[in-house]
Amino acid sequence: MRKRTLFRLATATVATGAAALAYASLVERNMFTLRRFDVPVLPTGTEPLRVLHLSDLHMTPNQLRKQQWVASLAALDPDLVVVTGDNMAHPGAVPGVLRALQPLLDYPGAFVFGSNDYTGPVWKNPFSYFLPDREYAEGIELPYEELRDVFTGAGWTDLNNGRVTVKAGGRAIDMVGVDDPHIERDDYASVAGPVASSADLSIALAHSPEPALLDEMAADGFGLLLAGHTHGGQVCVPGVGALVTNCGLPRSMAKGLHRWPGSDSWLHVSAGLGTHPTAPVRFACPPEASLLALIPR
(Lines give C-alpha, C1' and ligand atoms only; values in the text may rest on other atoms or scores of the structure.)
Protein backbone atom coordinates (compact mmCIF):
# COMPACT_ATOMS: atom_id res chain seq x y z
CA MET A 1 0.00 0.00 0.00
CA ARG A 2 2.79 2.43 0.93
CA LYS A 3 4.67 1.70 -2.31
CA ARG A 4 1.49 2.25 -4.32
CA THR A 5 0.90 5.62 -2.60
CA LEU A 6 4.47 6.76 -3.27
CA PHE A 7 4.19 5.68 -6.89
CA ARG A 8 0.97 7.64 -7.34
CA LEU A 9 2.52 10.68 -5.69
CA ALA A 10 5.59 10.49 -7.92
CA THR A 11 3.40 10.06 -11.00
CA ALA A 12 1.27 13.06 -10.04
CA THR A 13 4.38 15.17 -9.44
CA VAL A 14 5.85 14.28 -12.83
CA ALA A 15 2.53 14.94 -14.58
CA THR A 16 2.17 18.32 -12.87
CA GLY A 17 5.72 19.28 -13.82
CA ALA A 18 5.17 18.24 -17.42
CA ALA A 19 1.94 20.23 -17.60
CA ALA A 20 3.64 23.31 -16.13
CA LEU A 21 6.51 23.00 -18.61
CA ALA A 22 4.11 22.62 -21.54
CA TYR A 23 2.15 25.67 -20.39
CA ALA A 24 5.30 27.76 -19.87
CA SER A 25 6.83 26.83 -23.24
CA LEU A 26 3.76 26.63 -25.49
CA VAL A 27 1.27 29.04 -23.95
CA GLU A 28 2.57 31.73 -21.63
CA ARG A 29 5.68 32.66 -23.60
CA ASN A 30 3.31 33.65 -26.44
CA MET A 31 0.83 35.54 -24.23
CA PHE A 32 2.02 38.98 -25.31
CA THR A 33 0.69 41.57 -22.90
CA LEU A 34 0.47 45.37 -22.91
CA ARG A 35 1.02 46.90 -19.48
CA ARG A 36 0.03 50.50 -18.73
CA PHE A 37 1.48 52.82 -16.10
CA ASP A 38 0.94 56.43 -15.11
CA VAL A 39 4.24 58.09 -14.23
CA PRO A 40 4.06 61.50 -12.49
CA VAL A 41 7.17 63.23 -13.87
CA LEU A 42 5.80 66.25 -15.74
CA PRO A 43 5.37 69.80 -14.49
CA THR A 44 1.95 70.75 -13.16
CA GLY A 45 -0.55 71.79 -15.79
CA THR A 46 1.14 70.08 -18.76
CA GLU A 47 -0.41 67.60 -21.16
CA PRO A 48 0.44 63.89 -20.76
CA LEU A 49 3.04 62.29 -23.01
CA ARG A 50 2.95 58.62 -23.99
CA VAL A 51 6.11 56.51 -24.12
CA LEU A 52 6.09 52.98 -25.53
CA HIS A 53 8.84 50.95 -23.84
CA LEU A 54 10.02 47.77 -25.60
CA SER A 55 12.83 45.48 -24.52
CA ASP A 56 14.37 42.04 -24.92
CA LEU A 57 12.70 40.88 -28.12
CA HIS A 58 15.38 38.17 -28.53
CA MET A 59 14.06 37.81 -32.06
CA THR A 60 14.61 34.80 -34.30
CA PRO A 61 13.53 34.76 -37.95
CA ASN A 62 10.47 32.52 -37.56
CA GLN A 63 8.78 34.30 -34.63
CA LEU A 64 6.00 35.71 -36.80
CA ARG A 65 3.42 35.91 -34.00
CA LYS A 66 5.71 38.13 -31.94
CA GLN A 67 6.57 40.27 -34.96
CA GLN A 68 2.90 40.82 -35.80
CA TRP A 69 1.96 41.65 -32.21
CA VAL A 70 4.75 44.20 -31.80
CA ALA A 71 3.89 45.80 -35.14
CA SER A 72 0.27 46.18 -33.99
CA LEU A 73 1.42 48.47 -31.16
CA ALA A 74 1.69 51.31 -33.66
CA ALA A 75 -2.08 51.63 -33.20
CA LEU A 76 -1.35 53.08 -29.74
CA ASP A 77 0.04 56.20 -31.48
CA PRO A 78 2.83 56.82 -28.94
CA ASP A 79 4.65 60.13 -28.70
CA LEU A 80 7.99 58.37 -28.20
CA VAL A 81 9.28 54.80 -28.63
CA VAL A 82 12.13 53.56 -26.43
CA VAL A 83 13.95 50.25 -26.98
CA THR A 84 16.30 49.02 -24.25
CA GLY A 85 18.21 46.28 -26.03
CA ASP A 86 18.58 42.55 -26.66
CA ASN A 87 16.69 42.74 -29.92
CA MET A 88 18.29 39.71 -31.58
CA ALA A 89 18.88 36.04 -30.85
CA HIS A 90 19.99 34.84 -34.30
CA PRO A 91 22.38 36.06 -37.03
CA GLY A 92 19.43 36.35 -39.42
CA ALA A 93 17.20 38.28 -37.02
CA VAL A 94 17.39 41.79 -38.48
CA PRO A 95 14.55 41.29 -41.04
CA GLY A 96 12.33 39.94 -38.24
CA VAL A 97 13.17 42.86 -35.96
CA LEU A 98 12.38 45.20 -38.82
CA ARG A 99 9.02 43.52 -39.48
CA ALA A 100 8.17 44.00 -35.82
CA LEU A 101 9.33 47.60 -35.49
CA GLN A 102 8.76 49.00 -38.99
CA PRO A 103 5.39 50.67 -38.17
CA LEU A 104 6.94 52.22 -35.04
CA LEU A 105 9.92 53.71 -36.86
CA ASP A 106 7.66 56.53 -38.04
CA TYR A 107 7.55 57.83 -34.45
CA PRO A 108 10.34 59.59 -32.56
CA GLY A 109 12.50 56.92 -30.94
CA ALA A 110 15.66 56.18 -29.01
CA PHE A 111 17.55 52.98 -28.26
CA VAL A 112 20.42 51.31 -26.46
CA PHE A 113 21.84 47.85 -27.09
CA GLY A 114 22.13 44.82 -24.86
CA SER A 115 24.64 41.99 -24.85
CA ASN A 116 22.49 39.90 -27.20
CA ASP A 117 22.61 42.58 -29.83
CA TYR A 118 26.35 42.02 -30.09
CA THR A 119 26.68 38.25 -29.71
CA GLY A 120 24.27 35.35 -29.96
CA PRO A 121 23.12 33.30 -27.01
CA VAL A 122 24.84 30.12 -25.89
CA TRP A 123 23.47 27.31 -23.76
CA LYS A 124 23.61 28.00 -20.04
CA ASN A 125 22.73 25.98 -16.99
CA PRO A 126 19.60 27.78 -15.71
CA PHE A 127 20.83 27.41 -12.14
CA SER A 128 23.94 29.43 -13.00
CA TYR A 129 21.79 32.58 -12.84
CA PHE A 130 21.81 32.19 -9.08
CA LEU A 131 25.61 32.62 -9.07
CA PRO A 132 26.47 36.33 -8.71
CA ASP A 133 29.97 36.01 -10.20
CA ARG A 134 29.30 33.62 -13.06
CA GLU A 135 31.42 34.16 -16.16
CA TYR A 136 29.73 35.70 -19.19
CA ALA A 137 29.87 33.46 -22.28
CA GLU A 138 29.79 34.97 -25.77
CA GLY A 139 28.22 33.33 -28.79
CA ILE A 140 28.44 34.09 -32.49
CA GLU A 141 28.72 37.76 -33.50
CA LEU A 142 25.40 39.32 -34.49
CA PRO A 143 24.82 42.03 -37.14
CA TYR A 144 24.48 44.88 -34.64
CA GLU A 145 25.86 47.54 -36.99
CA GLU A 146 23.21 46.59 -39.55
CA LEU A 147 20.55 46.94 -36.86
CA ARG A 148 22.02 50.27 -35.73
CA ASP A 149 21.87 51.54 -39.32
CA VAL A 150 18.20 50.54 -39.57
CA PHE A 151 17.31 52.43 -36.40
CA THR A 152 19.36 55.56 -37.05
CA GLY A 153 18.35 55.58 -40.72
CA ALA A 154 14.74 55.86 -39.58
CA GLY A 155 15.65 58.83 -37.39
CA TRP A 156 15.88 57.06 -34.02
CA THR A 157 18.51 58.32 -31.60
CA ASP A 158 21.44 56.07 -30.69
CA LEU A 159 22.00 56.51 -26.94
CA ASN A 160 24.74 53.93 -26.49
CA ASN A 161 26.92 56.17 -24.30
CA GLY A 162 25.12 59.13 -25.81
CA ARG A 163 23.14 62.17 -24.80
CA VAL A 164 20.85 64.38 -26.83
CA THR A 165 17.71 66.50 -26.65
CA VAL A 166 14.85 64.71 -28.42
CA LYS A 167 11.69 66.45 -29.59
CA ALA A 168 8.57 64.36 -29.02
CA GLY A 169 4.96 65.20 -28.31
CA GLY A 170 5.76 68.88 -28.53
CA ARG A 171 8.27 68.56 -25.68
CA ALA A 172 12.05 68.85 -25.38
CA ILE A 173 13.35 65.69 -23.66
CA ASP A 174 16.87 65.53 -22.25
CA MET A 175 17.80 61.90 -22.94
CA VAL A 176 20.89 59.98 -21.92
CA GLY A 177 21.85 56.33 -22.31
CA VAL A 178 24.68 53.88 -21.91
CA ASP A 179 25.81 50.77 -23.72
CA ASP A 180 25.16 47.55 -21.83
CA PRO A 181 26.56 47.56 -18.25
CA HIS A 182 26.10 43.78 -18.10
CA ILE A 183 29.13 43.35 -20.37
CA GLU A 184 30.91 46.48 -19.15
CA ARG A 185 30.36 48.56 -22.29
CA ASP A 186 28.84 51.45 -20.34
CA ASP A 187 30.59 54.81 -20.01
CA TYR A 188 28.22 57.06 -18.14
CA ALA A 189 31.05 59.41 -17.13
CA SER A 190 31.36 60.52 -20.76
CA VAL A 191 27.75 61.71 -20.91
CA ALA A 192 26.96 62.51 -17.25
CA GLY A 193 25.84 65.86 -15.95
CA PRO A 194 22.78 67.63 -14.51
CA VAL A 195 19.58 67.62 -16.53
CA ALA A 196 19.31 70.61 -18.85
CA SER A 197 17.22 73.39 -17.30
CA SER A 198 15.63 74.03 -20.68
CA ALA A 199 14.23 70.47 -20.93
CA ASP A 200 10.56 69.76 -20.33
CA LEU A 201 11.41 66.32 -18.96
CA SER A 202 14.30 63.86 -18.78
CA ILE A 203 14.70 60.15 -19.51
CA ALA A 204 17.70 57.84 -18.99
CA LEU A 205 18.21 54.43 -20.67
CA ALA A 206 20.24 51.32 -19.93
CA HIS A 207 19.80 47.69 -20.83
CA SER A 208 20.82 46.21 -17.49
CA PRO A 209 19.48 48.14 -14.47
CA GLU A 210 22.61 48.17 -12.33
CA PRO A 211 21.96 50.07 -9.08
CA ALA A 212 25.25 52.03 -9.06
CA LEU A 213 24.48 53.35 -12.55
CA LEU A 214 20.87 54.19 -11.67
CA ASP A 215 22.11 56.08 -8.60
CA GLU A 216 24.28 58.27 -10.84
CA MET A 217 21.48 58.91 -13.32
CA ALA A 218 19.06 59.80 -10.54
CA ALA A 219 21.65 62.08 -8.90
CA ASP A 220 21.91 63.99 -12.19
CA GLY A 221 18.16 64.59 -11.99
CA PHE A 222 16.81 62.21 -14.65
CA GLY A 223 13.17 61.78 -13.76
CA LEU A 224 12.48 58.49 -15.56
CA LEU A 225 14.93 55.59 -15.77
CA LEU A 226 14.16 52.82 -18.29
CA ALA A 227 15.76 49.37 -18.47
CA GLY A 228 15.12 45.74 -19.39
CA HIS A 229 17.41 42.68 -19.14
CA THR A 230 15.74 40.96 -16.15
CA HIS A 231 12.92 39.30 -18.14
CA GLY A 232 10.96 39.99 -14.94
CA GLY A 233 12.58 36.85 -13.58
CA GLN A 234 11.16 34.87 -16.56
CA VAL A 235 10.19 31.94 -14.33
CA CYS A 236 8.44 33.28 -11.24
CA VAL A 237 6.71 31.74 -8.26
CA PRO A 238 3.10 32.91 -7.81
CA GLY A 239 2.86 34.96 -4.65
CA VAL A 240 6.66 35.22 -4.43
CA GLY A 241 7.69 36.74 -7.75
CA ALA A 242 11.09 36.67 -9.42
CA LEU A 243 13.73 34.36 -8.04
CA VAL A 244 16.60 36.11 -9.79
CA THR A 245 17.23 39.36 -11.74
CA ASN A 246 20.61 38.54 -13.39
CA CYS A 247 21.95 41.89 -12.16
CA GLY A 248 22.33 43.87 -8.94
CA LEU A 249 18.68 44.93 -8.86
CA PRO A 250 16.58 43.56 -5.95
CA ARG A 251 14.13 40.81 -6.90
CA SER A 252 11.23 43.01 -5.75
CA MET A 253 12.06 45.43 -8.59
CA ALA A 254 12.49 42.81 -11.32
CA LYS A 255 9.74 44.39 -13.42
CA GLY A 256 7.27 47.24 -13.40
CA LEU A 257 7.31 50.79 -12.07
CA HIS A 258 9.13 51.74 -8.89
CA ARG A 259 10.32 54.88 -7.15
CA TRP A 260 14.12 54.73 -7.18
CA PRO A 261 15.30 54.78 -3.55
CA GLY A 262 16.75 58.02 -2.21
CA SER A 263 15.64 60.10 -5.19
CA ASP A 264 12.70 61.71 -6.97
CA SER A 265 13.25 59.45 -9.98
CA TRP A 266 11.03 56.64 -11.24
CA LEU A 267 12.39 53.35 -12.59
CA HIS A 268 10.51 51.23 -15.09
CA VAL A 269 11.93 47.76 -15.78
CA SER A 270 10.38 45.91 -18.70
CA ALA A 271 9.95 42.16 -18.33
CA GLY A 272 10.59 42.03 -22.07
CA LEU A 273 9.01 40.26 -25.02
CA GLY A 274 11.29 37.27 -25.52
CA THR A 275 13.26 34.51 -23.88
CA HIS A 276 16.71 33.04 -24.11
CA PRO A 277 16.43 30.59 -27.06
CA THR A 278 17.86 27.74 -24.99
CA ALA A 279 15.23 28.32 -22.29
CA PRO A 280 12.06 29.21 -24.23
CA VAL A 281 9.74 29.27 -21.23
CA ARG A 282 7.90 31.84 -19.14
CA PHE A 283 5.93 31.13 -16.01
CA ALA A 284 3.88 33.64 -13.99
CA CYS A 285 5.65 36.33 -16.04
CA PRO A 286 4.15 36.79 -19.53
CA PRO A 287 6.07 38.69 -22.22
CA GLU A 288 5.22 42.36 -22.22
CA ALA A 289 5.48 45.82 -23.68
CA SER A 290 4.63 48.89 -21.60
CA LEU A 291 2.81 52.10 -22.43
CA LEU A 292 3.91 54.74 -19.95
CA ALA A 293 1.61 57.75 -19.64
CA LEU A 294 3.81 60.55 -18.33
CA ILE A 295 1.55 62.85 -16.31
CA PRO A 296 1.94 65.93 -14.09
CA ARG A 297 3.37 65.41 -10.62
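Conventions used here
All residue numbers refer to positions counted from 1 along the written sequence of the respective chain. Reporting in this predicted model follows two pLDDT cut-offs: at least 70 for local features of residues, and 80 or more for side-chain atom pairs to be given and counted; totals over whole chains, interfaces and linings ignore these cut-offs and use all residues. No hydrogens and no water enter the side-chain calculation; it runs on all heavy atoms of the structure. Here a strand is any run of E in DSSP of at least two residues, a helix any run of H or I of at least four, and the numbering for each starts at the N terminus. When accessible area is computed with a 1.4 Å probe and restricted to protein chains, residues below 20% of their type maximum are described as buried, those above 50% as exposed, and intermediate ones as partly exposed. Residues count as neighbours in contact if any of their non-hydrogen atoms are within 4.5 Å of one another. The nonpolar core is taken to be a set of buried Ala, Val, Leu, Ile, Met, Phe, Trp, Tyr and Cys residues, with the residues joined through side-chain atoms within 4.5 Å. Any Phe, Tyr or Trp ring, taking Trp's six-membered ring, that has another such ring centre within 6.5 Å forms a pair; planes under 30 degrees apart are called stacked, those over 60 apart edge-to-face, and the others tilted. The arc refers to the directions leading from the helix axis to the C-beta atoms. When DSSP finds two or more bridges between two strands, those strands count as paired. Orient the strands so they point away from the viewer, and a crossover whose first-strand-to-second-strand path over the helix runs clockwise is right-handed. Helix axes are fitted only over the stretch in contact, all axes being lines through C-alpha atoms; the angle between N-to-C directions runs from 0 to 180 degrees. Residue type decides the class: Asp, Glu, Lys and Arg count as charged, Ala, Val, Leu, Ile, Met, Phe, Trp, Tyr, Cys and Pro as nonpolar, and the leftover types, Gly among them, as polar. Summary of the metric used: pLDDT quantifies the predictor's per-residue confidence within the range 0 to 100.

- The name an unreviewed UniProt entry gives the chain is Metallophosphoesterase, with Micromonospora craterilacus as the organism.

### Let's talk about the overall build of the chain
Consideration 1: For the chain, the count of helices and strands is six helices and 14 strands.
Consideration 2: Burial status across the chain gives 50% buried among its 297 residues.
Consideration 3: When contacts within the chain are restricted to residue pairs at least 6 apart in sequence, long-range pairs at least 24 apart make up 74% of them.

### A short note on the nonpolar core
Consideration 1: Within the largest apolar cluster, 31 residues are counted, with the highest numbers of intra-cluster contacts made by Leu54, Val70, Leu101, Leu104, Phe151, Trp156 and Leu273.
Consideration 2: Put simply, the parts of the chain that give this core at least two residues each are strand S2 (49-54), helix H2 (64-72), strand S3 (80-83), helix H3 (94-101), helix H5 (144-153) and strand S14 (288-296).
Consideration 3: Examining the composition of this core, we find that four residues originate from one element, H3, more than from any other.
Consideration 4: Setting aside residues no more than four positions away along its own chain, Val70 makes contact with Leu54, Ala100, Leu101, Leu104 and Leu273.

### Considering the packing of aromatic side chains
Consideration 1: Under the defined criterion, the tally for this structure stands at six aromatic pairs.
Consideration 2: An angle of 40 degrees between the planes, with centres 5.4 Å apart, marks the rings of Phe111 and Phe113 as tilted.
Consideration 3: The buried category is assigned to Phe111, whose relative accessible area is 0%.
Consideration 4: Aromatic pair Phe111 and Phe151: ring centres 4.9 Å apart, planes at 65 degrees, arrangement edge-to-face.

### Thoughts on H3
Consideration 1: Within the sequence span of H3, burial applies to Val94, Gly96, Val97, Ala100 and Leu101. Projected down its long axis, H3 shows its buried positions confined to an angular sector of 160 degrees, all on one face.
Consideration 2: Residues of H3 that are buried sit in contact with S2, H2 and H5.

### Examining the sheet that holds S2
Within a beta sheet, neighbouring strands are joined by backbone hydrogen bonds and run either parallel or antiparallel to one another.
Consideration 1: Ordered in space as S1-S14-S2-S3-S4-S5, the six strands form an open sheet in which the pairing is mixed. Both edges of this open sheet fall to strand S1 (33-42) and strand S5 (157-158), since each of them pairs with a single strand only.
Consideration 2: For S2 and S14, the ladder comprises five bridges, and the chain directions are antiparallel. Residue pairing across strands places Arg50 opposite Ala293, the latter belonging to S14.

### Brief notes about H2
Count 3.6 residues to each turn of an α-helix, and residues three or four apart come out pointing the same way.
Consideration 1: Every buried residue of H2 is listed here: Lys66, Gln67, Trp69, Val70 and Ala71.
Consideration 2: Residues of H2 that are buried in the fold lie against S1, S2, H3 and S14.

### Let's talk about the pairing of S2
Consideration 1: Within S2, five of the six residues are buried, leaving the element largely enclosed by the surrounding structure.
Consideration 2: The pairing of S2 with S3 spans four bridges and is classified as parallel. By the bridge assignment for S3, Leu52 is matched with Val81.
Consideration 3: On the question of chirality, the crossover connecting S2 to the parallel S3 by way of H2 is right-handed.

### As for the packing of H2 against H3
A packed helix pair is summarised by two numbers, namely the angle formed by the two axes and the spacing between the axes.
Consideration 1: Two elements in contact, H2 and H3, have axes whose closest approach is 6 Å; the angle formed by their N-to-C orientations is 35 degrees. Across the interface between the two elements, Leu64, Gln67, Val70 and Ala71 of H2 pack against Gly96, Arg99, Ala100 and Leu101 of H3.
Consideration 2: Tallied by class, residues from the contact of H2 with H3 come to five nonpolar, two polar and one charged.

### Regarding the sheet that holds strand S9 (residues 224-227)
Consideration 1: Spatially, the six strands line up as an open sheet ordered S6-S7-S8-S9-S13-S12, and their pairing is mixed. Unpaired on one side and paired on the other, strand S6 (162-168) and strand S12 (256-259) mark the two borders of the sheet. Averaged over all pairs of adjacent strands, the angle between their axes in this sheet comes to 25 degrees, without regard to strand direction.

### Structural notes on the confidence of the model for the chain
Consideration 1: Overall, the predicted model of the chain reaches an average pLDDT of 90, with 86% of residues at or above 70.
Consideration 2: In this model, residues 12-18 is a region of pLDDT below 50 whose contacts with residues beyond four sequence positions or in other chains number zero contacts.

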